[in-house]
Amino acid sequence: MLKYVALMQQLEQLIQTTPYKDGQRLPSIRQLTELYPYTKNTIIRALMELERRHVIYSVPKSGYYVVKSPSPFCNLPGSLIDFSASSPDPSIFPYEDFRHCINKAIDIYREDLFTYGTSQGLPALIEVMRKLLMEYQVFTNARNIFVMSGVQQALALLSTLPFPNEKSFILLEQPSYHLFIQYIEASGLPYRTIQRTAAGIDMGQLEALFSTGEIKFFYTMPRFHNPLGSSFTKAQKLDILALAHKYDVYIVEDDYLADLDTGKNDPLYTYDEHEHVIYLKSYSKVIFPGLRIGTAVIPNALIDAFQRYKLVHDIDSSMLSQGALEIYLKSGMFESHIGKIVGQYQERSQVLHRELRSCNSFVEDKIKYVAPSIPCIHSCLTLAPNVSIGELRTRLKKHNIIIDMMDSHYIGRTQPEHYLKLNVSRVASEDIKKGIKTIMKEL
């Protein structure tokens, strides 16, 4: 991490944890050199960047002062506690940073905005993505990377284009990504399903499905599964890859929350020795859902067909979004933002886990709970069969608490388990405590 970016994070933490008021003066540059192990130039650069982001403002010959206005997205007393939403928290969106990147992209790529780009994507962005993918232990060449209009586009193309194994069925985990389920149902694509729980999947059943000779690819979320919140172990990943190689089945790995993983959990792609893993990465959950930019790492055997289908599908993805993201990723802003969002999600995940554990003893006959992989924003409860989710939702609405079932995450909307999903990406820690206590009381 760049030194000035690291200092910016420390100064933002100082502002957040110290009871500063609007207009209160920060320590002087000389005092900051005593507090932090950075040069005067690094401190000045960090302060200028924070001023540009409207975190602080300067007064000539006086110093720097705090701008601590409340976010327009912060929950107000009596407002909704929404455990159903899985989109990012708007209060931590990098608006000012990204506005700067968009303006810069218009200046740098103004000529490209009036022409069609390549179906693969903006070359400068692809190179930045290639370097960033290395941090996830995804080592590949630029020719294998495609810029997508979101992961949904990649899934749609992969579902329809012919594969070298000449098979046609898609294997889905149950539960799985609800929009991909809707696409498969709307398109009438052939599919099979396999049950996934917090413990993983049944490898014997997976082999039985692979051995039929009809599975084209297996779509899975190995890390921070949505909506279960669980992750595969390394041993499970290796078993899946061994079966995929044995029966010539491709794996489509959706690693949409890779940025949140602070451990050393490598994706399936890292262990793939036979080029049978297609790696997908989204930015929707960590920057802006409306950005509509994702990454697909395509094996050599599929590159030509994938490029041809993408060209027919949309010619290219938004050049303005690509240019802005390229600037955002390489500037150090993305790294700074991820540090902030990981901290928030980690805290919220831990609060949720702690509250559920402390309340569980009071309703042991009503729920079963397995802790998610922290800092995953998704979790779920298994409710007893005699608990009416419909009645529970009605009761909680009176307390301004929104919950949701998981039926949309099952193809045909038939779920074998009586699940209740809880997402905390848009729920503050204090509201998590209040919400869980109320849910347990109503149960």
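Residues numbered from 1 in each chain as written. Predicted model: local features only at pLDDT ≥ 70, side-chain atom pairs only at ≥ 80, totals over all residues. Heavy atoms only, no water.

Under an unreviewed UniProt entry, the name given to the chain is DNA-binding transcriptional MocR family regulator, and the source organism is Paenibacillus turicensis. Database annotation for the chain, UniProt heading Cofactor (unreviewed entry): "pyridoxal 5'-phosphate". According to UniProt, the comment filed for the chain under the heading Sequence similarities (unreviewed entry) is "In the C-terminal section; belongs to the class-I pyridoxal-phosphate-dependent aminotransferase family." (UniProt positions renumbered as here; feature names shortened; annotations may be inferred.)

In this section: the overall build of the chain. Of regular secondary structure, the chain possesses 15 helices and 15 strands. Taken over the C-alpha trace, the chain has a radius of gyration of 24 Å; the compact-globule value for 443 residues is 22 Å, and the two agree within 12%. In terms of overall dimensions, the chain has C-alpha extents of about 75 × 60 × 35 Å along its principal axes. Counting across all 443 residues of the chain, residues that qualify as buried make up 53%. For the chain, the share of sequence-separated contacts (at least 6 apart) that also reach a separation of at least 24 residues comes to 76%. Of the roughly 20,000 Å² that the chain leaves accessible, carbon and sulfur atoms contribute 52%. In the chain, which carries 48 positive and 47 negative side-chain charges, the distance between the mean positions of the two groups comes to 6 Å. (Helix = DSSP H or I, 4+ residues; strand = E, 2+ residues; numbered from the N terminus. Rg over C-alpha atoms; globule rule 2.2 N^0.38 Å. Buried < 20%, exposed > 50% of the residue type's maximum accessible area, 1.4 Å probe, protein only. Contact = heavy atoms within 4.5 Å. Areas by Shrake-Rupley, 256 points an atom, 1.4 Å probe, with all protein chains shown as cover. Lys, Arg positive; Asp, Glu negative; His and termini not counted. Charge placed at Lys NZ, Arg CZ, Asp CG, Glu CD.)

Before going further, it helps to examine the nonpolar core. In globular proteins that are soluble, nonpolar side chains generally tend to be buried together. Of all hydrophobic cores here, the largest spans 96 residues; its most connected members are L206, F210, Y283, L325 and F334. Beyond its immediate stretch of four places on either side in the chain, L206 contacts L171, I194, I201, F218, I240 and L243. By size, the runner-up hydrophobic cluster in this structure holds 26 residues, among which are L356, L392, L420 and V427. (Core = buried A, V, L, I, M, F, W, Y, C linked by side-chain atoms within 4.5 Å.)

Evaluation of the coordinates by the stated rule reveals eight aromatic pairs. Judged by centre distance (5.2 Å) and plane angle (85°), the rings of F163 and Y250 are edge-to-face. Residue F163 is found in the loop between α6 (151–160) and β5 (169–174), and its partner Y250 is found in strand β9 (residues 250–254); the two are separated by 87 residues along the sequence. Across the pair, exposure class does not vary: F163 and Y250 are buried alike. Taken together, a centroid distance of 6.2 Å and an interplanar angle of 75° make the contact between Y328 and F334 edge-to-face. One exposure class covers both Y328 and F334, and it is buried. Joined through ring pairs, the aromatic side chains of F163, F217 and Y250 make up one cluster. We note R45 situated over the ring of Y4; from NZ or CZ to the ring centre the distance is 3.8 Å. When the ring centre of F232 is taken as origin, the NZ or CZ atom of R196, which lies over that ring, is 3.9 Å away. (Phe/Tyr/Trp six-rings, centres within 6.5 Å; stacked < 30°, edge-to-face > 60°. Lys NZ or Arg CZ within 6 Å of the ring centre and 35° of its normal.)

A few words now on the environment of L113. With respect to the helices, strands and loops of the structure, L113 is situated in the loop between α4 (95–108) and α5 (123–135). Separated by 292 residues in sequence, L113 and M405 have C-alpha atoms that sit 43 Å apart. In this structure, L113 is in contact with I106, M319 and L320, ignoring residues within four places of it in sequence.

The eight strands are arranged β4-β11-β10-β9-β8-β5-β6-β7 in an open sheet whose pairing can be described as mixed. Both outer strands of the open sheet, β4 (145–148) and β7 (200–201), are each paired with one neighbouring strand and no more. Bridge count for β5 against strand β6 (residues 191–197) is five bridges, and the pairing is parallel. Bridging across to β6, Q174 finds its partner in Q195. (Pairing = 2+ DSSP bridges.)

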